[in-house]
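# Close look at the chain arrangement
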Amino acid sequence: MNLLDLPASQWPDKFQELGEASYRGRQTAHWVFRKGITDPRAMTNLPPSTRALLEEERRLGIPSLESAHTSVDGTRKLALRLADGPVIESVLIPRKGRMTLCLSTQAGCGIGCRFCRTAAMGLIRNLSPSEILGQWIQAMRLLGFPTDRAKEGLSIDHVVFMGMGEPLANLDALIPAIRSLTHPDGIGLSPRRITVSTSGLVPKMRLLGEANLGIQLAVSLCAPDDLLRREIMPVGRIYSIAEILEACREFPLRNRERVTFEYVLLKGKNDRPEQARSLGRLLAPFRSKVNLIPFNPFPGSPFERPEEEVVQVFADILSGFHITATVRKSMGPDVLAACGQLARERVASAGAEY
Ligand code: SAH
Ligand code: SF4
């Protein structure tokens with residue numbers, strides 16, 4: 001049993017169950033989430049018996065850092081190895097006085113979007129909460145674990161679930177991980193600064209809403225009609241755009257918060273002015289904003305990135321419908337860290353074969 005698989009709020013009870021004083025739970029959480037220390041031997045205020053208990057069964061185990069590549073724009077891509085071999089990736093994005101961490105929720109992805117490099121891996125397996133939170137710990141260690149929260153942009157102040165995998169296909173791990181991210185005994189991040197992005201798994205969107213976490217929702221729409229959507233996102237055959245919009249309408253948001261619709265722009269495929277108008281008509285009645293992501297190519301990708309002017313025309317048409325349209329800047333494309341570029345060989349530990 002890995003403690004990090006439980007929400008931080010439950011650590012005191014868990015310690016009691018293990019025959020320890022419950023306040024040891026909070027002390028341990030402090031080491032892990034405030035100092036980034038997961039080796040029980042370094043937890044100097046714990047008695048040897050408690051440390052031994054934590055060492056057993058790797059109760060605080062996290063994925064190991066395999067490599068970190070820094071892009072010319074400062075974006076850092078981390079590759080982390082899971083205990084059973086697969087490698088996952090996380091991305092640290094410093095921008096405009098912010099530091100955003102992009103987390104993976106699965107090794108690979110089973111959704112199969114045609115424009116996404118992760119899709120080619122297929123789904124290897126779901127990550128556990130400890131493997132999700134372990135990405136945060138490793139990224140914070142890379143930053144030197146800055147604890148001065150007043151200094152915006154030095155420490156991780158935003159978390160987006162937009163790395164490898166479909167977060168809503170792994171709700172059982174996503175929800176406890178988010179609870180530890182937001183709980184004061186855990187990481188203590190405001191839920192408003194956490195965004196979960198989904199390819200539109202309608203029943204799971206409802207379940208996520210019912211968990212009432214106070215987080216932001218983003219949906220990868222990527223097409224203005226079901227026909228085209230099914231072609232580029234096979235999951236569109238299961239859930240229609242109308243069903244997705246209905247689930248978005250029901251999602252609990254605070255005043256003035258809106259669902260974000262992501263739209264990957266593929267040259268000649270979904271970037272035409274009439275498609276922008278269809279999208280505008282579809283979303284105009286709706287409290288929403290659109291995040292346009294010009295396609296990020298990867299080796300062997302079947303699409304191209306549209307010209308900048310085409311992207312601008314598309315954004316301007318949406319603005320004409322009073323929809324806030326932003327264009328996402330690609331961060332870290334030189335180290336394949338940008339949206340849709342995350343992937344690893346299935347057998348990345350090939351070293352053993354040589
Ligand atoms: N699986 C979730 C979250 C991870 S993908 C989802 O699909 O929403 C994060 C974003 O990257 C999604 O909006 C997706 O549409 C976009 N994306 C995928 N491949 C891309 C590519 N090659 N170029 C640009 N954006 C891409
Ligand atoms: Fe999976 Fe998202 Fe990539 Fe689609 S875009 S294959 S859902 S990671």
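Bear in mind that the values here come from a model prediction, so they are computed numbers and not experimental data.

### A closer look at the domain arrangement of the protein chain
Domains assigned within the protein chain are domain 1 (9-52) and domain 2 (64-335). Its C-alpha centre places domain 1 at a distance of 33 Å from the equivalent point of domain 2. Each partner contributes residues to the interface: domain 1 has ten residues there, and domain 2 has twelve residues. Taken together, both faces of the contact between domain 1 and domain 2 bury some 940 Å²; the carbon and sulfur share is 52%. Taken together, domain 1 and domain 2 are joined by one salt bridge. A salt bridge links R26 to D185, with the nearest nitrogen and oxygen atoms 2.9 Å apart. Viewed at the interface, domain 2 and domain 1 are joined by five residue pairs in polar contact (both at pLDDT 80 or more).

### Describing helix α3 (residues 48-55)
Three or more residues of α3 are buried, namely T50, L53 and L54. Seen end-on, α3 carries its buried residues on one side only, within an arc spanning 95 degrees. Packing partners of the buried residues in α3 comprise α1 (11-17) and α2 (23-35). Remark: E57 follows α3 within two positions and exhibits a positive phi of approximately 50 degrees.

### Examining a positive patch on the surface
A cluster of like positive charges, contributed by R95, K96, R98 and K329, occupies part of the molecular surface. Relative to the helices and strands, R98 resides in strand β4 (residues 98-102). A relative accessible area of 42% places R98 in the partly exposed class.

### Quick look at the site of ligand 1
Near ligand 1 you find 22 residues, and of these F115, G165, S197, S220 and N296 are the closest. Here an oxygen atom of ligand 1 sits 3.1 Å away from a polar atom, N or O, in the side chain of E262. Interatomic distance of 3.3 Å between a backbone N/O atom of C339 and a nitrogen atom of ligand 1. Taken together, the elements giving at least two residues each to the shell around ligand 1 come down to β8 (194-198), β10 (259-265) and β11 (288-294). Here the residues of the shell around ligand 1 sort into twelve nonpolar, eight polar and two charged.

### Overview of α2
Given a rise of 1.5 Å per residue, 13 residues ought to cover 18 Å, and the 18 Å separating the end C-alpha atoms of α2 matches this to within 8%. Along α2, the positions that sit buried rather than exposed are R24, G25, T28, A29, W31, V32 and F33. All buried residues of α2 fall inside an arc of 165 degrees around its axis, so they share one side. On its buried face, α2 is in contact with α1, α3, α4 (129-142) and α5 (171-182). Downstream of α2 by one or two residues, G36 has phi in the positive range, about 75 degrees.

The rules behind the values
Residues numbered from 1 in each chain as written. Chains lettered and ligands numbered in written order. Predicted model: local features only at pLDDT ≥ 70, side-chain atom pairs only at ≥ 80, totals over all residues. Heavy atoms only, no water. Domains from an automatic or database assignment. Contact = heavy atoms within 4.5 Å. Buried area = accessible area lost by both parts, 1.4 Å probe. Salt bridge = Lys/Arg side-chain N within 4 Å of Asp/Glu carboxyl O. Polar contact = N/O pair within 3.5 Å; in protein donor to acceptor, adjacent residues only side chain to side chain. Buried < 20%, exposed > 50% of the residue type's maximum accessible area, 1.4 Å probe, protein only. Helix = DSSP H or I, 4+ residues; strand = E, 2+ residues; numbered from the N terminus. Arc of directions from axis to C-beta. Patch = residues over 30% accessible without salt bridge, like charges linked within 9 Å, V, L, I, M, F, W, Y side chains within 5 Å. Areas by Shrake-Rupley, 256 points an atom, 1.4 Å probe, with all protein chains shown as cover. Lys, Arg positive; Asp, Glu negative; His and termini not counted. Charge placed at Lys NZ, Arg CZ, Asp CG, Glu CD. Near = heavy atom within 4 Å. Nonpolar A, V, L, I, M, F, W, Y, C, P; charged D, E, K, R; others polar. Expected span 1.5 Å × (residues − 1).

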